[in-house]
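# Report on the structure
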Amino acid sequence: MSMRCPGSRMFRRGTRRSRGCGRRSARGSPSATGTRSPRTSLERFETEMAVIGPMGFSSYFLVVADICRYARDNGIPLGPGRGSATGSLVAYATRITELCPLEHGLLFERFLNPERINPPDVDLDFDDRQRDRMVRYVIDKYGDEYTALVNTFGKIKAKNAIKDSARILGYPYAHGERITKALPPDQNGKSAPLDALFDASHARYPEAGEIRQMYGSEPDVARVIDTARGVEGLTRGTGVHAAAVILSKTRLTDRIPLHLRASDGARITGFDYPSCEAMGLVKMDFLGLRNLGVIDQAIENVRENRGVRLATVDPGDGAGGDPGGDPGTVVIPLDDARTYRLLAEANTLGVFQLDGGGMRALLKLMAPTRFEDIAAANALYRPGPMAANAHTNYALRQNGKQAATPIHPELREALEPILGPTHHLLVYQEQIMAVARQLAGYTLGGADMLRRAMGKKKPEVLAAEWEKFHGGMTANGYSDEAVRALWDVMLPFSGYAFNKSHTAGYGLVSYWTAYLKANYPAEYMAALLTSVGDDKDKAALYLADARANGVRVLPPDINESVAEFTAVGDDVRFGLRSVRNVGDGVIEAVIDARRRGGRFTSFSDFLHKAGLPALNKRAVESLIKAGAFDSLGHSRKGLTAVHEAAVDAVIPVKKAASFGQDDLFAGLGGAEADAAPAFGLDFAVAEEEWPRRQLLATEREMLGLYVSAHPLDGAERILAAARDCSVAELLASGRTSGEVRLSGLITGVQRKVTKQGNAWAVVQLTDRDAGIEVLFFPAVYQLVQHALTEDDVVSVRGRIEDRDGTLNLFGRELAVLDVASADQGSRPPVHLALPAHRITRQSVSELKRILADHPGDTPVQLRVRGSRTTTVYALDTTVNPTTVASDVKGTFGADAWLGLT
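Residues numbered from 1 in each chain as written. Predicted model: local features only at pLDDT ≥ 70, side-chain atom pairs only at ≥ 80, totals over all residues. Heavy atoms only, no water.

Turning next to the pairing of strand β3 (residues 235-247). As paired elements, strand β2 (residues 147-155) and β3 share eight bridges and run antiparallel to each other. Within β3, the residue paired with Asn 151 across the bridge is Val 240. (Pairing = 2+ DSSP bridges. Helix = DSSP H or I, 4+ residues; strand = E, 2+ residues; numbered from the N terminus.)

Printed below as a string of structure tokens:
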């Protein structure tokens, strides 16, 4: 197959470009490849170039390297490598990837080999906020006549085929809906094809008994399904591929049809990308990865908050010395003890690819101590290895709780160099290739072909490969029993395995996020919370996790907050963009007023200094209710009562000033006049505050979450006794089925009526850290409707189900919980403990300050331990136990915090 590449001036075959590629490999020196010898590095480099050059791919590497260089030079976060390309030393040397393949045992032949004549496929990850900028760079540099986005063709799937057929045949909507609900559920996002439901040999056939019964007994159902079987699989419409970009050596209009997107004039291919590749065009995938933006923002937060300059990789050429010539930059090390402690504790919520409930359980069992364990965890947590229980066996063998049993006793010594590092378990695709090469005499290219054949599982191809594999191993003296035992393990594994190059590359992103969370939790959590935007469910999970890690989450503040979440010392401050009804124009005006006039000292001062864009009455009210003006000493109730009149009074003055009409009175008041509030702003603000419940309700309305406190503070023991897990724990677990009991506060009730006239309800249940929708259908609703009242605390038992990516609870039982005793102050106290010799005037003052900084409703008891007796003091203060813990531990040590005991 001929290889067509972009840019007629740049893309040419031949040795000249091969030499160019070699010259660009600035990082190919021995110092760049760790402890490997110069000879090893040079031999590997020459081996790769002997494949890349003759196959005509040198120019491709240069173009990809140029794209990566542009991203780095322009501050666009770039991934360290994904897919098999991470196994190439040339890709590492040209800074296409950032992980040395020699140091991590990654194979080039998994990426390219002369026995598999396919073009290279280097997928690039960019910060998802700036992916479009990279696509624009490629189009601008290589010309829009040579580049295009890629068309996709949406197919009609089973459910849509049934609904469309029912509608066209004139049946009511409910008829099609009833049929689709009888279909087997989707698996991994894929629906069972309709033909499979009537094919006894298909794996999904046993699940389709209900739909077959309906088909056989109801002619109207049979008519719809028969029509749908003819429609299924047809093209419904076209779209644009989320990642792919096509490049060509010649004008694309000479090769394929194109069309222009009306909205922005983008060129889009008329064919899908497999067809484009079959014609010799080059497809590149530019993928947006949110976590790269999180890492970049967290590093910026660390610089601003701590004055520490971090880098994920050496920004220089890897030749040693200071990173990029800057002695102040700290490159994140791969042996950080805090990071591995965080991983071993499975404290990985918000860590890339390691935050699922099942993955956290695996990490806790595995207790990673080296980077290779992260790559292994990512590879093992997949259907194939998990079905064979390889993930659990790996963890047990790593910790010495299970012997590393070889696949066959006869193969122990031969497999030790290949499977020894993974405790004689197959973990990576590359191990399949190494086994074939070392034990059966395959070339590395041939071993990759075997790996592909095993993955595709085509009987005729596998039969030929079995003969070759069996012959090679028996020729090397292995018994038929040993050969069969090895084949039987390799065959099912290969269809589900990851290649090590990919897991190692993505493992680097996992490690970076874990490092930042372990070492700079406030800065990382601020970036993570910013990244989830308006997703309140995820924000609630991450806020709960922040508190669990000793990071206080502070409400927005008119003097401190910027648009996004920010790190303030060891705390995280809410951003103004998270406040309902507050847009970017208001935020920019507030920040500009602070920059020009300094901090606001009162609400009057805010009105005096702020420009007109900031004086939007709806936005100002939202900021008041969210607590943004609390630091100015005003009550939220008082400000809410006067803000409209105050804004109305100041707007005419502001408008007049904008036309220069204030000059008539300029100079009359001296220097103090500029600092004084404008005329008419000397109003009084009532000190009376709303009741606590109303105050928190309005705060939640504006922020989507409770922040300064929670209505359930102090009721934790009552809630815990009436549930199986918290809502946050359920959402983080990854569970999508089964029964569960939850407890929390009813924060919303939507009463609905079915088409048959039966009443039902959707209830928002919220606990301390997260919320979930509970659906009470008519039969259950009749029993519980009297208890569905906002602000009531309840326990609900029901069945969980994932509906289009959203987890819901189908309620079956409900019980109202009595938390009145908690509200009346009889809740269990927080217990602190200090030795008598540490009770000094200074320590008492410091303790008072800390407790005052965390107001709440939970009483505090202090145990003072003497040499012979312990005295318990009931302190005259109440606190928020969730937020005060980190400050007590940080000041007096972990032993000072006994918690709610």
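Attention now moves to the side chain of Gln 429. In this structure, Gln 429 sits in helix α18 (residues 429-440). A relative accessible area of 9% places Gln 429 in the buried class. Only 2.7 Å separates the side chain of Gln 429 from the side chain of Arg 110, close enough to count as a polar contact. Beyond its immediate stretch of four places on either side in the chain, Gln 429 contacts Arg 110, Arg 451, Ala 497, Phe 498 and Asn 499. (Buried < 20%, exposed > 50% of the residue type's maximum accessible area, 1.4 Å probe, protein only. Polar contact = N/O pair within 3.5 Å; in protein donor to acceptor, adjacent residues only side chain to side chain. Contact = heavy atoms within 4.5 Å.)

Turning next to the packing of helix α19 (residues 444-456) against helix α21 (residues 480-494). At a minimum axis separation of 7 Å, α19 and α21 run at an interaxial angle of 70°. As the angle between them shows, α19 and α21 are arranged roughly perpendicular. Each of Leu 450, Met 454 and Gly 455 in α19 lies in contact with α21, whose residues at this interface are Trp 487, Met 490, Leu 491 and Ser 494. Residue composition of the contact of α19 with α21, grouped by class: five nonpolar, two polar and no charged. (Axes fitted to C-alpha atoms, helices over the stretch in contact; angles between N-to-C directions. Parallel < 35°, antiparallel > 145°, perpendicular 65-115°, else oblique. Nonpolar A, V, L, I, M, F, W, Y, C, P; charged D, E, K, R; others polar.)

This paragraph deals with the packing of aromatic side chains. Following the criterion strictly, the structure yields 17 aromatic pairs and no others. Both rings, one in Phe 108 and one in Phe 111, keep their centres 6.2 Å apart while their planes meet at 75°; by these two values the pair is edge-to-face. Ring plane angle 50° and centroid distance 4.7 Å describe the contact between Phe 565 and Phe 574, whose orientation is recorded as tilted. Overall, Phe 565 belongs to the buried group, its relative accessible area being 8%. By way of ring pairs, the aromatic residues Tyr 60, Phe 61, Phe 108 and Phe 111 are connected into one cluster. (Phe/Tyr/Trp six-rings, centres within 6.5 Å; stacked < 30°, edge-to-face > 60°.)

Moving on, we get to the pairing of strand β1 (residues 123-127). Burial runs high along β1: five of the five residues are buried. Bridge count for β1 against strand β6 (residues 282-289) is five bridges, and the pairing is parallel. Bridge pairing links Leu 124 to Phe 286 in β6.

Counting residues in hydrophobic clusters, the biggest one holds 126 residues, and the most contacted among them are Phe 606 and Phe 776. Tallying contributions element by element places helix α22 (residues 500-519) first for this core, with 10 residues. If sequence neighbours within four positions are ignored, Phe 606 has contacts with Ile 558, Val 590, Phe 600, Ala 614, Leu 615, Val 620 and Phe 629. Counting residues in hydrophobic clusters, the runner-up holds 46 residues, among them Val 64, Tyr 70, Leu 78 and Tyr 92. (Core = buried A, V, L, I, M, F, W, Y, C linked by side-chain atoms within 4.5 Å.)

Turning our eyes to something else, we now look at the sheet that holds strand β9 (residues 553-554). Here three strands make up an open sheet; going across it, the order is β9-β11-β10 and the pairing mixed. Edge positions in the open sheet fall to β9 and β10 (566-568), since each of these has one partner strand only. Pairing analysis gives three bridges linking β10 to strand β11 (residues 571-573), with the strands arranged antiparallel. Paired with Val 568 across the two strands is Asp 571, which belongs to β11. Contacting β10 and β11, helix α23 (residues 521-531) crosses the sheet at an angle of about 25° to β11.

Detail in the predicted coordinates should be disregarded across regions flagged by low pLDDT. Averaged over every residue, the pLDDT of the chain is 84; the share at 70 or more is 89%. pLDDT under 50 marks residues 28-35. Its contacts with residues more than four places away, or in other chains, come to 19 contacts. Taken together, the stretch residues 662-676 has pLDDT below 50 and engages in five contacts with residues farther than four places along the chain or on a different chain. (pLDDT = per-residue confidence, 0-100.)

Under the criterion given, the structure shown has 45 salt bridges. The salt bridge involving Arg 82 is made with Asp 125; its shortest N-O contact spans 3.0 Å. Pair noted here: Arg 82 is in the loop between α3 (58-73) and α4 (89-93) and Asp 125 is in strand β1, with a separation of 43 residues, a long-range link. On the accessibility criterion, Asp 125 (4% relative accessible area) is buried. As a salt-bridge pair, Asp 195 and Arg 229 come within 2.9 Å of each other at their nearest N and O atoms. Of this pair, Asp 195 sits in the loop between α7 (173-181) and α8 (209-217) while Arg 229 sits in helix α9 (residues 219-231); the two residues are 34 residues apart in sequence, bridging distant segments of the chain. Several salt bridges converge on common partners, so that one network encompasses Asp 66, Arg 69, Asp 73 and Lys 141. (Salt bridge = Lys/Arg side-chain N within 4 Å of Asp/Glu carboxyl O.)

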